[in-house]
Amino acid sequence: MTFFGSDTFERRRAAACKFLAANHLRAVIIGPGPEFEYLTGTQIDTHERLSAIVLTDEGNATVVLPSTDAGSFPSDDPALIPIGWRDGEDPYEIVYKLIASPADSATPPIIGLGSTLTADHVLALQRYPFKTCLAQDALSSLFMVKDDDEIAQLAQAAEAIDRVHALVPSLLTPGITERAVADALHTAILEEHTAVDFIIVGSGPNGANPHHDFSDRIIEAGDIVVVDIGGTIASGYHSDCTRTYLVEGAPGSQEQLDAYKVLLQAQQAACDAARPGMRAEELDAVARNIISEHGYGEWFTHRIGHGIGLAGHEPPFLVTGNDLVLDEGMVFSIEPGIYKPGSWGMRIEDIVHLQADGAHALNTRPKTLQPHPRDTPKI
C-alpha cells in the first residue's frame, strides 16, 4: 500500500529513465531505502539477500527480490511486476540479463548503483562487464528537486515538528533533567508523527556537542539549551528543526548573548541569500563568513545544511568544497551553530524550500534567545 497513487511512481520512473538516456547510462540498480521508496512507494527489507529495482534507458522497470518476499511485495502498481529468485540461484545474473545487450561487446555500458547497496552486492555486480557509478549522482536532480506532492508533505512535516517545539518552553524548567524533557518530547513527536527520528536536548556544556542526544544532567536556571528534534510522518517524509532556548530564572552571560546575536544574523543572512543558481558552498560561506568575522569561526564545526525528504539527511549537502548548483524545488536545512567546547552551544535550524525568488522557510517558530511563548502543553 503506497501513500501516493501508482501514477505518481510511474511518472517518477519514466523521468528516471529519461535521465539515464540523457546521461548515457544503460541502467540503474537501486536497493531498498529512500531511493527505492521514491521510485516504488514501497519499503522492503529482505535482510542480506539482494533486492533492487532495475531501471533501463529503454524505459523498463523491474523489481528483483527473493521469492520468499515476492508475495509480500505490493501488487497495486500494474507497471511494476517483481521477479523472484530462489536461494541457490544467482540474483546478479538475473540483473545482468535485464541490462545486457549484444552491443555491449564493443563498449561496456555504464550502470548506476544505488547508495544503499552494500559492499557485497556492489562487488558481486562489478564482476560483470560494465562500468559503475553512483546512481545518486546520475539522477541527482530527480531526487533533489521535489515535486508538488513532496513539497506538501515536507510542509506538513515542518508544521508537525513546529507544534512539538511549541511545547518546549513549558518543559524547560529548572530542576528537570534532559532525559525527562526528551521523554516528554518523544511522546509529543509521536502525537504528530508516526515515528521519532531523533531527539537532542543539550543543556549547558552538553550543548557544545552538536550530536549530543540527552543525559541525566539537571537543567539549571539561565542554561542555554539546544533542542533539535525530528520525526517521520505517514507519507515517509521527515521533519527536522532546531531551536536554542534560554531557561527562565537567570539571564544568559554576555558572551552567550553576543554569540547568539551573531548566530541569528548568520542564519538569517543565509536564508535571505539562497537563490537558484548559486553553489552549495557559496551558501555555506554566507553564514560561515559572518560567524568567522566575529571571531567564532573555530566554534562552527559542521556544514550549514543538508537536503531532506524520504531520508532525514540527503543531498544537497551545503558544505565547503561542494560546487553543486542549487536548483528551484530543492528542500534543505539552513542550520549554522556555534559551540564553545566544554561550556555551551547554540544552533538555529529551518527547513527551507528553494523557489525562484529565494528560500521560503517551512518552519515558523520564534528564534529569539529568550523564553519563547509558552503554549498549553498536550502531554
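What counts as what
- Residues numbered from 1 in each chain as written.
- Predicted model: local features only at pLDDT ≥ 70, side-chain atom pairs only at ≥ 80, totals over all residues.
- Heavy atoms only, no water.
- UniProt positions renumbered as here; feature names shortened; annotations may be inferred.
- Helix = DSSP H or I, 4+ residues; strand = E, 2+ residues; numbered from the N terminus.
- Buried < 20%, exposed > 50% of the residue type's maximum accessible area, 1.4 Å probe, protein only.
- Polar contact = N/O pair within 3.5 Å; in protein donor to acceptor, adjacent residues only side chain to side chain.
- Pairing = 2+ DSSP bridges.
- Axes fitted to C-alpha atoms, helices over the stretch in contact; angles between N-to-C directions.
- Salt bridge = Lys/Arg side-chain N within 4 Å of Asp/Glu carboxyl O.

Within an unreviewed UniProt entry, the label attached to the chain reads Aminopeptidase P family protein, and the organism entered is Corynebacterium lipophilum.

Novice: Could you give an account of the UniProt feature "domain: Peptidase M24" (unreviewed entry) in the chain, with specific residues and numbers?
Specialist: As recorded in UniProt, the sites labelled "domain: Peptidase M24" (unreviewed entry) are residues 153-354. End C-alpha atoms of residues 153-354 are separated by 15 Å, and the span's content is 33% helix alongside 24% strand.

Novice: Please set out the environment of Gly84 residue by residue, giving values where relevant.
Specialist: Turning to its location among the elements, Gly84 is positioned in strand S4 (residues 82-85). Considered as a pair, Gly84 and Gly207 are 123 residues apart in the sequence and their alpha carbons are 49 Å apart.

Novice: Quick one: what's the story with the environment of Trp85, residue by residue and with numbers?
Specialist: Within the secondary structure, Trp85 sits in strand S4. Trp85 gets classed as buried once you look at its relative accessible area, which sits at 7%. A C-alpha to C-alpha distance of 23 Å links Trp85 and Thr132, two positions 47 residues apart in sequence. A distance of 3.0 Å separates a polar atom in the side chain of Trp85 from the backbone oxygen of Leu50.

Novice: Mind laying out the sheet that holds strand S5 (residues 110-113), listing which residues take part and the relevant values?
Specialist: Read from one edge of the open sheet, six strands run S4-S3-S2-S1-S5-S6, paired in mixed fashion. The open sheet is flanked by S4 and strand S6 (131-134), the only strands paired with a single partner. Pairs of neighbouring strands in the sheet enclose a mean axial angle of 25°, with direction left out of account. Note that strand S1 (residues 27-30) and strand S2 (residues 52-56) share four bridges and pair antiparallel. Bridge pairing in S2 places Val28 opposite Leu55.

Novice: Give a detailed account of the pattern of salt bridges, specifying residues and quantitative values.
Specialist: Opposite charge on two side chains allows them to pair when their charged atoms are near. Following the criterion strictly, the structure yields 16 salt bridges and no others. In this structure, Asp90 and Arg127 form a salt bridge, with 3.6 Å as the shortest nitrogen-oxygen distance. Of this pair, Asp90 sits in the loop between S4 and helix H4 (91-99) while Arg127 sits in the loop between helix H5 (119-125) and S6, and the two are 37 residues apart along the sequence. A salt bridge links Glu282 to Arg279; the nearest nitrogen and oxygen atoms lie 3.9 Å apart. Judged by its relative accessible area of 33%, Arg279 falls in the partly exposed class. Taken together, the shared-partner salt bridges connect Asp228, Glu335 and Arg347 into one network.

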